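Residues per chain are reported as follows:
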Amino acid sequence: MARTRESTIEDYLLGQCREHGFLCLKFVSPARGGVPDRVVVAPGGTVFVEVKRPGGQLRKLQQLTHAKLRRHGAEVHVVDDKPSVDLFIAHLLKSPSDQQIAAP
């Protein structure tokens, strides 16, 4: 059985974002490694998304960079299959008031 590639998940994310009218920008930072793959701009806010192949693990530098982004108030998500992309999109579709109620 062929393994799903990271590019397949990233293409699915891009398609779902386009379908819902979100911007899904490729994020590359030559001077800083470990940054998430995508920046998604949606009506509820701007978030970072790391794309992995199914079962793929974050590298240590990615873990550190994501933690730093979160400490500075950024929202960072990791998706590694189509269902996790669907959950991410559902999260973005929630109204801001729904997100405030659901926040711990």
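Caption draft 1: Here's a closer look at the sheet that holds strand E4 (residues 76-79). One open sheet holds the 4 strands; their spatial order is E1-E2-E3-E4, and the pairing between them is mixed. Each end of this open sheet is capped by a strand with a single partner; those strands are strand E1 (23-26) and E4. Going across the sheet, the axis of each strand differs from the next one's by a mean of 30°, ignoring polarity. The strands touched by helix H2 (residues 60-71) are strand E3 (45-51) and E4; relative to E4, the strand with the most contacts, the crossing angle is about 145°. Across the sheet, helix H3 (residues 82-93) lies against strand E2 (38-42), E3 and E4, angled at about 150° from E4, the strand it touches most.

Caption draft 2: Representation of the side chain of Gln16. By secondary structure assignment, the location of Gln16 is in helix H1 (residues 6-19). By relative accessible area, Gln16 is classed as buried at 15%. Excluding its chain neighbours within four sequence positions, the residues that come into contact with Gln16 are Val85, Asp86 and Ile89.

Criteria and cut-off values
Residues numbered from 1 in each chain as written. Predicted model: local features only at pLDDT ≥ 70, side-chain atom pairs only at ≥ 80, totals over all residues. Heavy atoms only, no water. Pairing = 2+ DSSP bridges. Helix = DSSP H or I, 4+ residues; strand = E, 2+ residues; numbered from the N terminus. Axes fitted to C-alpha atoms, helices over the stretch in contact; angles between N-to-C directions. Contact = heavy atoms within 4.5 Å. Buried < 20%, exposed > 50% of the residue type's maximum accessible area, 1.4 Å probe, protein only.

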